[in-house]
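# Results of the structural survey
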Amino acid sequence: AECVSGCVCPEGLFDDGKGGCVEQKDCPCTHNSQWYSPGQKITVDCNTCTCQKGVWSCTEYICYGTCTIYGSGHYITFDDKFYDFDGRCEYVATQDFCGAKNSSGSFSIITENVPCGTTGVTCSKAIKIFLGVSNDIQYMSDKEYKEIQRDIGDDVHYWNRTVGLYLVIEASNGVMLIWDKKTTVFIQLTADYKGKVCGLCGNFDDKSNNDFTTRSGLQETNALKFGNSWKQSPTCPDVAEEIKPCDMKPHRKSWAEKECYIIRSDVFEICHSKVDPMPFYEACVHDACSCDSGGDCECFCSAVAAYAHECTKAEACVFWRTPDIC
């Protein structure tokens, strides 16, 4: 046998990647080209991984991507892009009928947006879920929940339950919808759908810079053009300009800024470094100005709750509700 030059560890010991030899129990692990010592933990999506004997041992929770639609036309995509769109029509929130393989999907979620208040902003009034080829619809609007079955089919099963303030609908194909029975809806998908969905919630490929992909597959930079492309009916008017309710109702602006300041205050201090409060504060002021036909508090509370939800996702739990606030 030929001799090969180089260093090898004595029998029973292992190369630790730093030029040393260690026992197996002391072997480090690597992740994203970084070395981790035995016992160190990292978070990957919603799971915790621990380095043990040179191998990662991870919890096996199902990780969901979340898209949030709340208040008067605020959207946070699966890839965390925040934008506003005030369309008056039915729009595809998310579906897996996308691209060339348009015919082979398993679900579609439609949001019906209508004016709320007198400034022209819109809110999601109803959510329709189409599941599988059976075309089951669950229809949710005005605090009501209805099931309408159009064809008989057993390809996708679903369950609904109430958890606290929320109605939760969970389907066997990895789609979950959480609704507060008002103007906030969370759409959750398992990782199987990464890069396979389209609509106002983006494409769930871990990149936010391509979320504005139109129905025809073009990349758009303008939120209005992107949103208009996902309307269900060609007869609905396109949204031509962004609505600024505080400019239209200046007398409400100072009240709105004062109430919404809670998002930037010490109450949420532990979250500020993890989730930028400014887009949520601006959205809150926008909603508090626009809710001028009743429901002022509901609009404000939904806006703060949306920031609190993002904080919880970032592992910064904040108890902000009091007897005086929401």
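This text gives an overview of the structure that appears in the document.

Each value, and the rule that gives it
Numbering of residues starts from 1 in each chain and follows the order in which that chain's sequence is written. In keeping with the model being predicted, local features are shown solely for residues with a pLDDT of at least 70 and side-chain atom pairs are shown and tallied solely at 80 or more, while totals for entire chains, interfaces and linings include all residues. Working from all heavy atoms in the structure, the side-chain values ignore hydrogens and water. DSSP calls a pair of strands paired once it identifies at least 2 bridges connecting them. Each helix corresponds to a stretch of at least 4 residues labelled H or I by DSSP, and each strand to a stretch of at least 2 residues labelled E; elements are numbered beginning at the N terminus. Angles shown run from 0 to 180 degrees and are taken between the N-to-C directions of axes, each axis being a line fitted to C-alpha atoms and, for helices, limited to the stretch in contact. Definitions used throughout: a 1 Å grid over protein atoms alone; a cavity as a set of points that fits a 1.4 Å probe which cannot get out; a pocket as an open set with protein on both sides within 12 Å along at least five of seven lines; a lining residue as one with an atom within 4 Å of a point. Grid points are joined across faces, edges and corners, and a volume is the space filled by probe spheres set on the points. In this count, Pro and Cys sit with the nonpolar residues alongside Ala, Val, Leu, Ile, Met, Phe, Trp and Tyr, while Asp, Glu, Lys and Arg are called charged and the others, Gly among them, polar.

### Some points on the sheet that holds strand 6 (residues 47–52)
- Strands sit in the order 5-6-7 across an open sheet of 3 strands; the sheet is antiparallel. This sheet does not close on itself; its edge strands, each paired only once, are strand 5 (41–44) and strand 7 (55–58). The sheet shows a mean angle of 35 degrees between the axes of neighbouring strands, taken without regard to direction.
- Two elements, strand 6 and strand 7, share 4 bridges in a ladder whose sense is antiparallel. Bridging from a neighbouring strand, Cys49 pairs with Cys58 of strand 7.

### A short note on the layout of surface pockets
- Reported here for the largest pocket is a volume of approximately 760 Å³.
- Elements supplying a minimum of two residues to the lining of the largest pocket: strand 6, strand 8 (64–70) and helix 6 (296–313).
- The element that contributes the greatest number of residues to the lining of the largest pocket is strand 8, accounting for 3 residues.
- A class-by-class count of the residues in the lining of the largest pocket yields 7 nonpolar, 8 polar and 9 charged.

### Describing the pairing of strand 5
- In terms of strand pairing, strand 5 meets strand 6 through 4 bridges, oriented antiparallel. Directly across from Lys41, in strand 6, lies its bridge partner Thr50.
- Hairpin connection of strand 5 to strand 6: 2 residues between the antiparallel strands, including Asp45 at a positive phi of 55 degrees.

Take it as geometry only, folks, not as evidence of what the structure does.
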